[in-house]
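# Commentary on secondary and tertiary structure
So you can see what is in the structure, the chains are spelled out below.
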Amino acid sequence: MTTSVGSVPATGPRRDPAVAGSFYPGVPEVLEAMVRDLFDEAAGLPRPAARPFETALPAGLLVPHAGLAFSGIVAAAAWATMRSTPRTPAK
């Protein structure tokens, strides 16, 4: 089965969500709206004067995943740093 994640096609076996409705909304449209709201809220957070990822992608990010209601804003802020970063891997 081929599915997609955003605009990126994903291949391989698809696993049904194990905790949908517990740590994040079980309805896809509600989940999408929540994630969009978290990114919007993260955009309003204060940013450091120097952005560490201005010229290259980091080797990795440590992003919390305790459930969107608990750590979603922190996760969104971390992933948002990747939005305007050039797609050159860090060395």
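Residues numbered from 1 in each chain as written. Predicted model: local features only at pLDDT ≥ 70, side-chain atom pairs only at ≥ 80, totals over all residues. Heavy atoms only, no water.

Attention shifts here to the pattern of salt bridges. If you walk through the whole model with that rule in mind, you get two salt bridges. Note that Asp-16 and Arg-14 form a salt bridge whose closest N and O atoms lie 3.2 Å from each other. Of the two residues examined, Asp-16 and Arg-14, each falls in the exposed class. Residue Arg-36 is joined to Glu-32 by a salt bridge in which the shortest nitrogen-to-oxygen separation is 3.3 Å. Taken together, the residues Arg-36 and Glu-32, both in helix α1 (residues 28–43) and four residues apart, mark about one turn of the helix. Exposure remark for Arg-36: the relative accessible area of 45% places this residue in the partly exposed category. Residue Glu-32 is classed as partly exposed on the basis of its relative accessible area of 49%. (Salt bridge = Lys/Arg side-chain N within 4 Å of Asp/Glu carboxyl O. Buried < 20%, exposed > 50% of the residue type's maximum accessible area, 1.4 Å probe, protein only. Helix = DSSP H or I, 4+ residues; strand = E, 2+ residues; numbered from the N terminus.)

Judged by nonpolar contacts, Leu-38, Phe-39, Ala-42, Ala-76, Ala-77 and Ala-80 together constitute the single largest core of six residues. For this core, the secondary structure elements donating two or more residues are α1 and α2 (68–80). Setting aside anything within four residues of it in sequence, one finds Ala-76 in contact with Leu-38, Phe-39 and Ala-42. (Core = buried A, V, L, I, M, F, W, Y, C linked by side-chain atoms within 4.5 Å. Contact = heavy atoms within 4.5 Å.)

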